[in-house]
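Commentary on secondary and tertiary structure
Residues per chain, in single letters:
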Amino acid sequence: NLVVNPGFESGDSSSWSSFGQGWRIGIGADAQSGTYGVVNDVLTTDGDLWRGHFQNIPIIPDTYYSGGANIRAVSVGSSESWFELQFLDVTGAVIAQHQSAHVAGDQGFTFMGIGTVLAPAGAVTASVRVIVYMASPPVDSDFHIFDGVVFEDVTPPHTILVNWGFETGDLSGWNTFGQGWRIGIDDDAYSHSYGAVNDVLPGDADSWRGVYQNVGV
């Protein structure tokens, strides 16, 4: 797990940042495991529509990641919560975003995840976030509780290759010989967006074609 203090077992929000009102550390039933969890209180007098608790974590582009959080919701009426992952470029701009299913009603602790996603070309940071959105102040207070936040590198072990899925959208990191090489999309991708294609055309002369990387062992 790449998240620091993922279960808030420091007893505080150290290593986390937040925006919006209502964040606090809870104990007892507010912990899915261990002693602590983080709670967002959505109160009848609140004004902040958007609230978040997050960590920014360095990542590697063209790498697979997975993430999620255990979310409990109590007395929810006019707010919702979810796990969110943003991939940021060197300027801090969001270049891709993924969200779990939204929790808009009461539930016990349930893991809400995003499955496996690919960090796109140009991504250098992952913003790992738990989010609360208040559509309007509740009639009675709403409570969203988070614990056990997970963000993991789940890339298969063969990724000693650079740009192994061609998800940069080009052949960077690769060498070619022979004619006819290009990047394809849609049905040319086994997974995600891109694949490498060799077109063998009627007028071609090159008998041998290849795409390769030389890798130290």
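Residues numbered from 1 in each chain as written. Predicted model: local features only at pLDDT ≥ 70, side-chain atom pairs only at ≥ 80, totals over all residues. Heavy atoms only, no water.

**Considering the sheet that holds strand β4 (residues 50–58)**
- Here we have 5 strands laid out as an open sheet, ordered β1-β4-β9-β6-β7, and antiparallel in their pairing. The two strands at the open ends of the sheet, each matched to only one other strand, are β1 (17–19) and β7 (94–99). Averaged over all neighbouring strand pairs, the angle between strand axes comes to 25 degrees, with direction disregarded.
- The pairing of strand β6 (residues 79–88) with β7 spans 5 bridges and is classified as antiparallel. Residue Glu84 lies in a different strand from β7, and its bridge partner there is Gln99. (Pairing = 2+ DSSP bridges. Helix = DSSP H or I, 4+ residues; strand = E, 2+ residues; numbered from the N terminus. Axes fitted to C-alpha atoms, helices over the stretch in contact; angles between N-to-C directions.)

**Topic: the pairing of strand β9 (residues 125–134)**
- The buried fraction of β9 is high, at 9 of 10 residues.
- Bridging between β4 and β9 involves 9 bridges; their strand directions are antiparallel. Counted as the bridge partner of Gly52 is Ile131 from β9.
- The pairing of β6 with β9 spans 10 bridges and is classified as antiparallel. By the bridge assignment for β9, Leu88 is matched with Thr125. (Buried < 20%, exposed > 50% of the residue type's maximum accessible area, 1.4 Å probe, protein only.)

**Quick look at the pattern of salt bridges**
- All chains considered together, the criterion is met by 8 salt bridges.
- For Asp30, the salt bridge identified is with Arg24, shortest N-O distance 3.8 Å.
- Taking the relative accessible area as the measure of exposure, Arg24 reaches 35% and is therefore partly exposed. (Salt bridge = Lys/Arg side-chain N within 4 Å of Asp/Glu carboxyl O.)

**A few points about the sheet that holds strand β3 (residues 36–42)**
- The strand order across the open sheet built from 5 strands is β2-β3-β10-β5-β8, with neighbouring strands paired in antiparallel fashion. Whereas interior strands pair on both sides, the edge strands pair on one side only; in this sheet they are β2 (23–27) and β8 (107–118). Taking the axes of each pair of neighbouring strands and ignoring which way they run, one obtains an average angle of 30 degrees across the sheet.
- In terms of strand pairing, strand β5 (residues 64–74) meets strand β10 (residues 142–153) through 9 bridges, oriented antiparallel. For Tyr65, the partnering residue across the bridge sits in β10 and is Asp153.

**Here we look at the nonpolar core**
- Formed by 31 residues in total, the largest nonpolar core has its most connected members in Ile59, Phe83, Leu85, Phe87, Val128, Val149 and Phe151.
- It is β9 that provides the largest number of residues to this core, a total of 5 residues. (Core = buried A, V, L, I, M, F, W, Y, C linked by side-chain atoms within 4.5 Å.)

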